[in-house]
Amino acid sequence: MATNLVVRNIEPSVAQALREAAARHGRSAEAEHREILRAALAQPARRSLKEVLASMPDVGADEDFNFRQA
């Protein structure tokens, strides 16, 4: 079910930026507003621990982390 939303007292510069973004994306200011809200409120996909660890940069060889006491 769709819901109507009214946003009041928007600064002119913000309204202009919205219109310009809408024009760049080839949609109405209302459609641009919906997309901005949708993107801002979307939950990021949770990554598994395996994915997080796999995305870490390679910072050196294992030997670089072997500490030997003299």
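Just so you know, these numbers come straight off a predicted model, no measurement behind them. Numbering of residues starts from 1 in every chain and runs along the sequence as written. Local features in this predicted model are restricted to residues whose pLDDT is 70 or higher, and side-chain atom pairs enter the listing and the counts only when it is 80 or higher, whereas totals over whole chains, interfaces and linings include all residues. Side-chain metrics in this entry use all non-hydrogen atoms of the structure; hydrogen atoms and water are not considered.

S.K.: I keep staring at the overall build of the protein chain and nothing clicks. Help me out?
M.R.: Helical segments are the DSSP runs of H or I of at least four residues, strand segments are the runs of E of at least two, and each set is numbered from the N terminus. Tallying secondary structure elements over the protein chain gives three helices and zero strands in all. The helix and strand sequence of the protein chain, counted from the amino end, reads α-α-α. Here the C-alpha atoms of the protein chain give a radius of gyration of 24 Å, more than 25% beyond the 11 Å that 2.2 N^0.38 yields for 70 residues. Across the 70 residues of the protein chain, 6% fall into the buried class. Within the structure as shown, the protein chain displays about 7000 Å² of accessible surface, and the carbon and sulfur contribution to it stands at 55%. Note that His is not counted, nor are the chain ends; the positive residues are Lys and Arg, and the negative ones are Asp and Glu. Lysine's charge is taken at NZ, arginine's at CZ, aspartate's at CG and glutamate's at CD. Side chains of the protein chain carry 10 positive and 10 negative charges; the gap between the two charge centres is 9 Å. For a compact globule the rule gives 2.2 Å times the number of residues to the power 0.38, and the radius of gyration it is set against comes from C-alpha atoms. For the exposure calls, accessible area comes from a 1.4 Å probe over protein chains only, and a residue counts as buried if that area is under 20% of its type's maximum, exposed if over 50%, partly exposed in between. Calculation of accessible area relied on Shrake-Rupley with a 1.4 Å probe; when residues are assessed, cover is drawn exclusively from the protein chains displayed.

S.K.: Could you clarify how one ought to interpret unusual backbone geometry in this entry?
M.R.: Most peptide bonds take the trans configuration, and most residues that are not glycine carry a negative phi. With phi around 60°, Asn9 is a residue other than glycine that occupies positive phi space. Positionally, Asn9 belongs in the segment before helix 1 (12–25). Here Asn9 falls in the exposed class, since its relative accessible area comes to 76%.

S.K.: Would you mind going over the pattern of salt bridges with me for this structure?
M.R.: Should their charged atoms come close, side chains of opposite charge can pair. Whenever Lys or Arg places a side-chain nitrogen within 4 Å of a carboxyl oxygen from Asp or Glu, that contact is recorded as a salt bridge. One pass over the structure, following the stated rule, counts three salt bridges. Here Arg34 makes a salt bridge to Glu30, at a shortest N to O gap of 3.0 Å. Taken together, the positions of Arg34 and Glu30, both in helix 2 (residues 29–41) and four residues apart, correspond to about one turn of that helix. Take Glu30: its relative accessible area is 57%, and that puts it in the exposed class. Among the ionic pairs, Glu35 bridges to Arg38, the shortest N-O distance being 2.6 Å. With Glu35 and Arg38 both in helix 2, this residue pair falls three residues apart, about one helical turn.

S.K.: Where do I start with the layout of surface pockets in this structure?
M.R.: A probe matching the size of a water molecule, rolled over the atoms, marks out where space remains unfilled. Buriedness of a pocket was judged along seven lines, with at least five required to meet protein on both sides within 12 Å; pockets are open sets of points on a 1 Å grid over the protein atoms alone, cavities are sets where a 1.4 Å probe fits but cannot get out, and lining residues have an atom within 4 Å of a point. Grid points are joined across faces, edges and corners, and a volume is the space filled by probe spheres set on the points. As a volume, the largest pocket reaches approximately 370 Å³. What lines the largest pocket is a set of 13 residues, among which Leu5, Val7, Glu30, His33 and Leu37 lie closest to the centre. Among the elements of the structure, helix 1 and helix 2 are those that each provide at least two residues to the lining of the largest pocket. The residue classification treats Ala, Val, Leu, Ile, Met, Phe, Trp, Tyr, Cys and Pro as nonpolar and Asp, Glu, Lys and Arg as charged. All others, Gly included, are polar. When grouped by side-chain class, the residues that make up the lining of the largest pocket number eight nonpolar, three polar and two charged.

S.K.: Mind showing me how you'd approach the side chain of Glu32 here?
M.R.: For Glu32, the location among the structural elements is in helix 2. With sequence-adjacent residues up to four places away left out, Glu32 is seen in contact with Leu18, Ala21, Ala22, His25 and Arg27. By the convention used here, residues are in contact when the closest approach between their heavy atoms is within 4.5 Å.

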